[in-house]
Amino acid sequence: MAAPPGEWYHESDPTFEVTAMFLIGILIVVAILGEIIHRLNPWKKPEPAYDDLVAQIKQTDWYQELSRDQACRYVLDNDPHVQAYYASTYEAKRLLTQEGFQLGLIDYVKQEATKHAEKSR
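The model shown is predicted, which means the values in this text are computed figures rather than measured ones.

### Structural notes on the pattern of salt bridges
Alright, step 1. Scanning the model with the defined rule gives three salt bridges in all.
Alright, step 2. Here K93 ties to E47 by a salt bridge, and the two come within 2.9 Å at their closest N and O atoms. A residue pair is termed long-range when its members are at least 10 positions apart, and K93 in helix α6 (residues 89-97) and E47 in the loop between α1 (15-39) and α2 (50-59) qualify at 46 residues.

Next comes the structure, spelled out in C-alpha cells:
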C-alpha cells in the first residue's frame, strides 16, 4: 500500500527524527572542528609585518630611482594616493610582486611630479 502524498515515513516511528537530529549534530561538530583547524593552521605561513613590507618597497630599484628626483620624492612622501597603493599588507605585497601595479604607481608619481613642478615655477 502506498503512503499518501507528502507522508513518506510513518508518523509513529521516532527513529527518523532521532537519526536526522543525530546527523545534524554530527555536521555541526564537523563544521566547528573544521573552523578551529582552519584558524589554528600550523602550516600557514605567518603574515609579514607591514613595516617590513614598506621597507622592502622603499629599497626597490624603481622606488629608489623615483626618490632621486626632488618632485617625485615630494609626491612619494606627501600624496595620499601614493600611500593608498600600500595602505595594508595586501596592497604592499601586491606592490612588491605585481609589475603592473608598480608601473601604475610610477606613472601616477611622474604625472603628479610634473604637475607639482609646473606649479612651483
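### A word on the nonpolar core
The nonpolar side chains of a soluble globular protein tend to be buried, and buried together.
Alright, step 1. Judged by nonpolar contacts, the single largest core of 21 residues is most densely connected at W62, V82, Y86 and V109.
Alright, step 2. Of all the secondary-structure elements, those providing two or more residues to this core are α2, α3 (61-68), α4 (70-78), α6 and α7 (99-120).
Alright, step 3. Here the element with the most residues in this core is α7; it accounts for six residues.
Alright, step 4. Look past the residues within four positions of V109 in its chain and what remains in contact with it is L66, C72, V75, L76 and V82.

### Details of the side chain of T60
Alright, step 1. Residue placement: T60 occurs in the loop between α2 and α3.
Alright, step 2. For T60, a relative accessible area of 17% translates into the label buried.

### Quick notes on α7
Alright, step 1. A rise of 1.5 Å per residue sets the reference length of α7, with its 22 residues, at 32 Å; its end C-alpha atoms lie 31 Å apart and thus fit the reference within 8%.
Alright, step 2. When α7 is considered as a whole, its buried residues turn out to be F101, Q102, L105, I106, Y108, V109 and A113. An end-on view of α7 places all buried positions within 165 degrees of arc, on one side of the element. Facing away from the buried side of α7 by over 90 degrees, the exposed positions are G100, Q111 and E118.
Alright, step 3. Next to the buried residues of α7 lie α3, α4, α5 (80-84) and α6.

### With respect to α3
Alright, step 1. Residues of α3 that are buried: W62, Y63, L66 and S67. Across the axial projection of α3, the buried residues extend over an arc of 130 degrees, all falling on one side. Exposed and oriented more than 90 degrees from the buried face of α3 are D61, E65 and R68.
Alright, step 2. Residues of α3 that are buried in the fold lie against α2, α4, α6 and α7.

The rules behind these values
- Residues numbered from 1 in each chain as written.
- Predicted model: local features only at pLDDT ≥ 70, side-chain atom pairs only at ≥ 80, totals over all residues.
- Heavy atoms only, no water.
- Salt bridge = Lys/Arg side-chain N within 4 Å of Asp/Glu carboxyl O.
- Helix = DSSP H or I, 4+ residues; strand = E, 2+ residues; numbered from the N terminus.
- Core = buried A, V, L, I, M, F, W, Y, C linked by side-chain atoms within 4.5 Å.
- Buried < 20%, exposed > 50% of the residue type's maximum accessible area, 1.4 Å probe, protein only.
- Contact = heavy atoms within 4.5 Å.
- Expected span 1.5 Å × (residues − 1).
- Arc of directions from axis to C-beta.

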